[in-house]
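# Report on the structure
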Amino acid sequence: MAGAEGFQYRALYPFRRERPEDLELLPGDVLVVSRAALQALGVAEGGERCPQTVGWMPGFNERTRQRGDFPGTYVEFLGPVPMARPGPRPRGPRPLPARPRDGPPEPGLTLPDLPEQFSPPDVAPPILMKLVEAMEQTGLDCEPYCRPEPPAPRTDWSLGDVEQWDAATLSDGVRGFLLALPAPLVTPEAAAEAHRALREAAGPVGPVLEPPTLPLHRALTLRFLLQHLGRAARQSPAPGLALRALGAAFGPLLLRAPPASAGGVSEGSQPSPDFPALLVETLLQEHMEEQEAAPPALPPKPPKAKPGPPGLANGGSPASLQDAEWYWGDISREEVNEKLRDTPDGTFLVRDASSKIHGEYTLTLRKGGNNKLIKVFHRDGHYGFSEPLTFGSVVDLITHYRHESLAQYNAKLDTRLLYPVSKYQQDQVVKEDSVEAVGAQLKVYHQQYQDKSREYDQLYEEYTRTSQELQMKRTAVEAFSETIKIFEEQGQTQEKCSREYLERFRREGNEKEMQRILLNSERLKSRIAEIHESRTKLEQDLRAQAAQNRETDKRMNSLKPDLMQLRKIRDQYLVWLTQKGARQRNINEWLGIKNETEDQYSLLEEEENLPHHEERTWYVGSINRTQAEEMLSGQRDGTFLIRESSQRGCYACSVVVDGDTKHCVIYRTATGFGFAEPYNLYASLKELVLHYQHASLVQHNDALAVTLAHPVRAPGPGPPPHAR
């Protein structure tokens, strides 16, 4: 369809692409921008003649035949031009799909599918981007999204007056957009893969919902929505509760139906009704953990890294990343937090990104008493914190910012990388040299851990109780508001009628009736004032209690690192005592455990008649995950087997927990076999099995509160009675 007016611009300077959505420019390039695109940017009539005031402009480069963004400061205005409105891509005849839902058609307008709404380099549909932008301008707040009532169907998606909408209307618009799509944003096939990843705890779920599992346009839209919801959750006084509420609100909108179960999956692994909410909560949690401060739109280009003079601290620049003292490889965020705990601003280390993608890294920097996560981007052999990527290696990048302030990248990070956390200079945790001395110190650390745990539990109970009271008070405030509304409407009606009756009784001279009408009116106004006062007092109490609850949340968060550190130290003391052959009776006394009872920290002496001594009872060789689940189907909790893992050089342990089969990797390292550092210290699989026959796996994974109690091929009672 011809006739849609646009404008031509000519490039004055060369411009090199800094982001995937940018256009490359050469002097003389002719660019075409549609009037609609400029209006969407808020450019007034006549403003198209001054591109330098517009900023970034979306357009079409006639030389390269590509669409994207370019800086208005690099071009000059040529004049208006007629242009063809882009139509859909040519395609053959295609039958219409059946309606995804049974029943009569719902009111409201069904939007076109996502590939027809936008194309890369756009990152999301224009409608959704406009709603989110308006929502964030009103203030990031989770509450409008978490209202229980469904959004009203819309018949007009032009959004001409979206700037006047309040937060509730905007949140209805975002939720309504997801419901107006002809198919759910997360396809059933992708949801099934995400459910498998959640069930098997095989790593982050986010990478599962990427192309090709989730089509490109859906993956881009999902990523854009998660970024927005993550920003909203971070602004909440209780981010954990906000994530849970957002998961419950958006899970049904993104999936609409439980995912189809993959073939060969046991009945116990069918998705629960809570799966959509759990999936969205998990995705938001992963996104927040790796989210760092966004780079500016036009970052300054850092100068070339200056080579350090000989005699720099720590021996100058390392020859490679693996040699760098500050590079720790594949360690978890929790381990990083422990290593940076109570360190000064400027302390830093680099680790592999949790995405596990080769070439992606995360810099963790201590600033303002908190840990700042900064993603290291890479492309075509170049690295940096933001575009343009100008450093030839991660070592060059870190070396540069050891001499220059990170304010070049982000104005809020006005510090250099001052103090590397060296992997070569870690203090030995167990410093005592005798069993008795180590045992006495174990007793001290265990008591400190128990004291902190009790304090945390008390705070958690207080936080939970107060959160419930706050919810009740919010409901009461809403009830007060509705009551006031009813009374005020009644008062307006009474006032309207009273004027007529007062005039009538005045003419009749009926003073008694006039006094009665006036008295009733005063009583109603007095009652409305009392309700207003009660609501105001309740709102004041609500604000005070919410502030107190935020303080409780802060105290809980401040205790978490201490708990993790104390538990790790205590467990390392236990490992040391076990390696030195300390008697279990003595260990129990140091831990305050009665010797006749079992405990998850007990390290019981081996019994000669255990079936675990026979490897044939638990080692099954090369079988896959599905075959392992079939062997363990219907077995009692604690039944296990060891098999070869799909990861090269590793093994896998499959064990029954709460009637379901869980899988975990057994690593083979230079120090021995184990589930995780620092526990990779068993000389053989048999030693590992014998240890975890009495030690719970919960120390490695909170979902594995079980011991390796029953080898799958050992003679015994077999399945529990209910499974026979």
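Residues numbered from 1 in each chain as written. Predicted model: local features only at pLDDT ≥ 70, side-chain atom pairs only at ≥ 80, totals over all residues. Heavy atoms only, no water.

## Brief notes about the pairing of strand E7 (residues 361–367)
The buried count for E7 comes to seven of seven residues, which makes it a mostly enclosed element. Side chains of E7 alternate between two faces, with Tyr-361, Leu-363, Leu-365 and Lys-367 and Thr-362, Thr-364 and Arg-366 buried alike. Summarising the sheet, strand E6 (residues 347–352) and E7 pair through five bridges and their orientation is antiparallel. Considered in E7, the bridge of Val-350 is made with Leu-363. (Buried < 20%, exposed > 50% of the residue type's maximum accessible area, 1.4 Å probe, protein only. Helix = DSSP H or I, 4+ residues; strand = E, 2+ residues; numbered from the N terminus. Pairing = 2+ DSSP bridges.)

## Notes on the confidence of the model for the protein
Averaged over all residues, the pLDDT of the protein equals 79, while 84% of them reach at least 70. Note that residues 596–606 has pLDDT below 50 and, in this model, 27 contacts with residues that lie over four places away or in other chains. (pLDDT = per-residue confidence, 0-100. Contact = heavy atoms within 4.5 Å.)

## Let's talk about the packing of helix H4 (residues 167–180) against helix H7 (residues 239–255)
Where H4 meets H7, the axes come as close as 8 Å, and the angle between the chain directions of the two elements is 25°. Put simply, H4 runs roughly parallel to H7. As for the relative orientation of H4 and H7, their crossing is left-handed in sense. Counting all contacts with H4, which are made through Val-174, Arg-175, Leu-178 and Leu-179, the residues of H7 involved are Phe-250, Leu-253 and Leu-254. Residue composition of the contact of H4 with H7, by class: six nonpolar, no polar and one charged. (Axes fitted to C-alpha atoms, helices over the stretch in contact; angles between N-to-C directions. Parallel < 35°, antiparallel > 145°, perpendicular 65-115°, else oblique. Left-handed = near helix turned anticlockwise from the far one by under 90°. Nonpolar A, V, L, I, M, F, W, Y, C, P; charged D, E, K, R; others polar.)

## Focus on the nonpolar core
Among the nonpolar cores identified, the biggest contains 53 residues, and Leu-131, Phe-177, Phe-250 and Leu-254 are the most heavily contacted of them. A total of nine residues in this core trace back to one element, the largest contributor, which is helix H6 (residues 216–234). Not counting the four nearest positions on each side in its chain, Phe-250 is found in contact with Tyr-145, Val-174, Arg-175, Leu-178, Leu-225, Leu-229 and Val-280. Core analysis: the second largest hydrophobic core is formed by 23 residues, Tyr-401, Leu-406, Tyr-409 and Leu-413 among them. (Core = buried A, V, L, I, M, F, W, Y, C linked by side-chain atoms within 4.5 Å.)

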